[in-house]
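Architecture and fold: a report
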Amino acid sequence: MKKKSNVIPKSMQEVWDWKKEVYEDTKNMEFEEKKSYFTEGIETALKILNAKLKKNPDGSFLIV
């Protein structure tokens, strides 16, 4: 029987760190401030990726 490792992969730890950082950044913000925070993040990601948002029929978005 193979023994399971308790080592957390580096990529998973990075995701948890980012999630905690976003929580700390936004925990005391009102809705409109959070909306601006995430909108700015999306715009920054689109510039970095040289991409655009495409709206899907269900109202969600796809980065293309």
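Heads up: the structure comes first, above all this text.
Residues numbered from 1 in each chain as written. Predicted model: local features only at pLDDT ≥ 70, side-chain atom pairs only at ≥ 80, totals over all residues. Heavy atoms only, no water.

1. Quick notes on the overall build of the protein
Which entries qualify depends on this criterion: Each helix corresponds to a stretch of at least 4 residues labelled H or I by DSSP, and each strand to a stretch of at least 2 residues labelled E; elements are numbered beginning at the N terminus. Radius of gyration means the value over C-alpha atoms here, while the globule rule gives 2.2 Å times the residue count to the 0.38 power. To sort residues, take the accessible area from a 1.4 Å probe on protein chains only and compare it with the maximum for the residue type: under 20% means buried, over 50% means exposed, and anything in between is partly exposed. Only the protein chains shown count as cover for residues, and all accessible areas are computed by the Shrake-Rupley method using a 1.4 Å probe. His is not counted, nor are the chain ends, whereas Lys and Arg count as positive and Asp and Glu as negative. Where a charge lies is defined by one atom per residue type, namely NZ (Lys), CZ (Arg), CG (Asp) and CD (Glu).
Tallying secondary structure elements over the protein gives two helices and two strands in all. Relative to the 2.2 N^0.38 estimate, which gives 11 Å for 64 residues, the radius of gyration of the protein is 17 Å and therefore markedly larger than a compact globule would have. For the protein, the C-alpha atoms occupy an extent of roughly 50 × 30 × 25 Å along the three principal directions. By the burial criterion, 5% of the 64 residues in the protein qualify as buried. Within the structure as shown, the protein displays about 6,500 Å² of accessible surface, and the carbon and sulfur contribution to it stands at 58%. For the protein, the distance from the average site of its 13 positive side-chain charges to the average site of its 11 negative ones is 11 Å.

2. Overview of the environment of E14
On the secondary structure map, E14 appears in helix α1 (residues 10-26). Overall, E14 belongs to the partly exposed group, its relative accessible area being 32%. In sequence terms E14 and S60 are 46 residues apart; their C-alpha atoms lie 26 Å from each other.

3. Some remarks on helix α2 (residues 31-49)
Condition: The span you would expect from a helix comes to 1.5 Å times its residue count less one.
Its 19 residues place the ends of α2 27 Å apart at the C-alpha level, agreeing with the 27 Å of an ideal helix rising 1.5 Å per residue. After α2 finishes, the residue N50 shows a positive phi value of roughly 50°.

4. Focus on the pattern of salt bridges
What counts, and what does not: Salt bridges are identified by distance alone: a Lys or Arg side-chain nitrogen within 4 Å of an Asp or Glu carboxyl oxygen.
Using the criterion set out here, one finds one salt bridge in the structure. Between E24 and K27 there is a salt bridge, with its nearest N and O atoms 2.9 Å apart.

5. Points about a negative patch on the surface
Applied cut-off: A patch is a set of surface residues, each over 30% in relative accessible area and not in a salt bridge, joined within 9 Å for like charges and within 5 Å for the nonpolar side chains Val, Leu, Ile, Met, Phe, Trp and Tyr.
On the surface, a cluster of negative charge is made up of E14, D17, E21 and D25. Tracing the chain through its elements places E21 in helix α1.

6. Brief notes about the packing of aromatic side chains
What characterises a pair of aromatic rings is the spacing of the ring centres plus the angle enclosed by the ring planes. Our working rule: Centres within 6.5 Å are what make two rings of Phe, Tyr or Trp a pair, Trp counting through its six-membered ring; a difference in plane orientation under 30 degrees is then read as stacked, over 60 as edge-to-face, and the rest as tilted.
The tally for this structure, following the rule as stated, stands at one aromatic pair. Between Y37 and F38 the ring centres are 5.1 Å apart and the planes differ by 85°, which places this aromatic pair in the edge-to-face class. On the basis of relative accessible area, F38 is assigned to the partly exposed category, the value being 42%.

7. Describing the packing of α1 against α2
Test applied: An axis is simply a line fitted to the C-alpha atoms; with a helix, the fit covers only the stretch in contact. Between two such axes, the angle follows the N-to-C directions and lies from 0 to 180 degrees. Relative orientations are named as follows: roughly parallel for angles under 35 degrees, roughly antiparallel for angles over 145 degrees, roughly perpendicular for angles from 65 to 115 degrees, and oblique for any other angle. The contact rule is simple, with two residues in contact once any of their heavy atoms fall within 4.5 Å. Polar here means any residue outside two lists: the nonpolar Ala, Val, Leu, Ile, Met, Phe, Trp, Tyr, Cys and Pro, and the charged Asp, Glu, Lys and Arg; Gly therefore counts as polar.
Taken N-terminus to C-terminus, the directions of α1 and α2 make an angle of 140°; their axes are 10 Å apart at the nearest point. By the angle between their directions, the pair α1 and α2 is classed as oblique. Mapping the contact onto sequence places V22, D25 and T26 in α1 and K34, Y37 and F38 in α2. Broken down by class, the residue content of the contact of α1 with α2 amounts to three nonpolar, one polar and two charged.

That's the geometry; what it means functionally is another story.
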